[in-house]
Amino acid sequence: MRIDVHAHYWTEDYIDLLVDLGQPGAVAVRGIGAGAGAELEARLRLMDRAGVQLQVLSACPQSPYGEDAKKAAGAARFVNDQYAGLAARYPDRFAAFAALPMPHLEESLGEMRRALDELGMAGVAMNTTVQGRALVDPGYEPVFAELNSKNAVLYLHPAGNSACSPLIGDYHLTWMVGAPVEDTISVMHLITHGIPTRYPDIKIINSHLGGALPMLLQRADDQYRWEAPSTPEPPSTAARRMWYDTVGHGHVPALQCAVDSFGADRLLLGTDFPYENGDTFIRAVDYINAPQINPSAARAILDQNASVLLGIG
């Protein structure tokens, strides 16, 4: 089954909740094709053109994060109910990852249990940082412990915060460069803090081919013993305990590098809809069948790996 694990969906009502939560920048995603009504119908037609049978939707990077715990929890409940309702109306076309009202632990754990146990959602989605704090901050350990206890899928997506660097944000590089930098930093945090080994039952999916990680694995293996000596295993070993979506903007050499670095069995189809839309969306699927990619690897990436990981299809 051809499943797209990296796709966004935001309605106007949800965006209003984010603005009320203190995220004025959320208005930027209005009208870009990720909503309901005519936008949803156009999405379905495009999925059919590309041969994508099902998308797993996520709210990140427009996650319901904010200082007000009550508002954050309300926004998370709202969007998760929206996603569950959409999946119920189109069970053959949509599933969804649950949003959590971070950084509020009690509310996040409660919403995780509701989303996974009652709504039957496909997993949990989080930003790679929570209001500028790393996911491996000790205070967030209960989230990993709960995910592990549920054998859950955890999908990670950049927050769009320029990796907290003015050298990125002040120079108009937040998404061109900042997003894959956020991916790279997040995955290396997980590796150096031993998350894949300490919580082996979490199925972690990282975005955008893992950022620059495919090109850095040997460097990390060579240097981790002196720079991060508490890392429990070689980074290349830990990296292959996780999964990565194929959002690479059609750049076949990057995809080939990820195949060589992680193995084709660790790659899942992703399109980044609606940021890759129209013909660019078609390219996000078709480039996996490029002549440079082994045909059996391409088949696994397109039609097998996500089904097995998510238990769908």
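The structure this text deals with has already been given above.
Everything numeric here is computed off the predicted structure, so don't read it as measured data.

Criteria and thresholds
- Residues numbered from 1 in each chain as written.
- Predicted model: local features only at pLDDT ≥ 70, side-chain atom pairs only at ≥ 80, totals over all residues.
- Heavy atoms only, no water.
- Phe/Tyr/Trp six-rings, centres within 6.5 Å; stacked < 30°, edge-to-face > 60°.
- Buried < 20%, exposed > 50% of the residue type's maximum accessible area, 1.4 Å probe, protein only.
- Lys NZ or Arg CZ within 6 Å of the ring centre and 35° of its normal.
- Pairing = 2+ DSSP bridges.
- Helix = DSSP H or I, 4+ residues; strand = E, 2+ residues; numbered from the N terminus.
- Axes fitted to C-alpha atoms, helices over the stretch in contact; angles between N-to-C directions.
- Parallel < 35°, antiparallel > 145°, perpendicular 65-115°, else oblique.
- Left-handed = near helix turned anticlockwise from the far one by under 90°.
- Contact = heavy atoms within 4.5 Å.
- Nonpolar A, V, L, I, M, F, W, Y, C, P; charged D, E, K, R; others polar.
- Core = buried A, V, L, I, M, F, W, Y, C linked by side-chain atoms within 4.5 Å.
- Expected span 1.5 Å × (residues − 1).
- Bend = angle between axes of the 7 residues up to and from the residue.
- Salt bridge = Lys/Arg side-chain N within 4 Å of Asp/Glu carboxyl O.

Asker: Just give me the short version of the packing of aromatic side chains, but keep the residues and values in it.
Answerer: For the coordinates displayed, the defined rule picks out seven aromatic pairs. Both rings, one in F273 and one in F281, keep their centres 5.8 Å apart while their planes meet at 90°; by these two values the pair is edge-to-face. The buried category is assigned to F273, whose relative accessible area is 2%. What makes F281 buried here is its relative accessible area of 0%. Sitting over the face of the ring of W243, R266 holds its NZ or CZ atom 4.1 Å from the ring centroid.

Asker: Give me the sheet that holds strand 9 (residues 243-245): which residues, what numbers.
Answerer: Taken in spatial order, the eight strands line up as 1-2-3-4-7-8-9-10 in an open sheet, and their pairing is parallel. At either margin of the open sheet sits one strand with a lone partner, and together these are strand 1 (3-8) and strand 10 (267-268). In the sheet, strand 1 pairs with strand 2 (residues 54-58) via four bridges, with the strands oriented parallel. From the neighbouring strand, H8 faces strand 2, where its bridge partner is S58.

Asker: Break down the packing of helix 1 (residues 12-21) against helix 3 (residues 69-89) for me, with residues and values.
Answerer: The N-to-C vectors of helix 1 and helix 3 enclose an angle of 165°; their axes lie 10 Å apart at closest approach. What the angle tells us is that helix 1 and helix 3 run roughly antiparallel. Classified by chirality, the crossing of helix 3 by helix 1 is left-handed. Packed against helix 1, whose contacting residues are D13, Y14, L17, D20 and L21, the element helix 3 presents K71, A72, A75, F78, V79 and Q82 at the interface. Of the residues contributing to the contact of helix 1 with helix 3, the split by class is seven nonpolar, one polar and three charged.

Asker: Outline the nonpolar core, listing residues and values.
Answerer: Counting residues in hydrophobic clusters, the biggest one holds 81 residues, and the most contacted among them are M126 and L267. Those residues within four positions of M126 in sequence are excluded, and the remaining contacts are C60, Y65, L100, M102, L135, V143, L154, Y155, L156 and H157. With 18 residues, the next largest nonpolar core counts V56, A95, L268 and L309 among its residues.

Asker: Help me get a handle on helix 9 (residues 213-227), residues and values and all.
Answerer: The end-to-end C-alpha separation of helix 9 is 17 Å, well short of the 21 Å expected for 15 residues at 1.5 Å each. Along helix 9, the sharpest change in direction is near 45° and occurs at A220. For helix 9, the full list of buried residues reads L213, P214, L217, A220, D221 and Y224. Contact partners of the buried residues in helix 9: helix 7 (174-192), helix 10 (235-239), strand 9 and helix 11 (252-262).

Asker: Give me the environment of P274: which residues, what numbers.
Answerer: Along the chain, P274 turns up in the loop between strand 10 and helix 12 (278-286). Exposure remark for P274: the relative accessible area of 6% places this residue in the buried category. Between the C-alpha atom of P274 and that of H6, which follows or precedes it by 268 residues, the distance is 9.9 Å. Those residues in contact with P274 that sit more than four places away from it in its chain are H8, I32, G33 and A34.

Asker: Account for the pattern of salt bridges, naming residues and giving values.
Answerer: For the structure shown, the criterion picks out 15 salt bridges. For D117, the salt bridge goes to K150, with nearest N and O atoms at 2.9 Å. Of this pair, D117 sits in helix 4 (residues 105-118) while K150 sits in the loop between helix 5 (141-149) and strand 7 (153-157), placing them 33 residues apart in sequence. With relative accessibility at 52%, the residue D117 sits in the exposed group.

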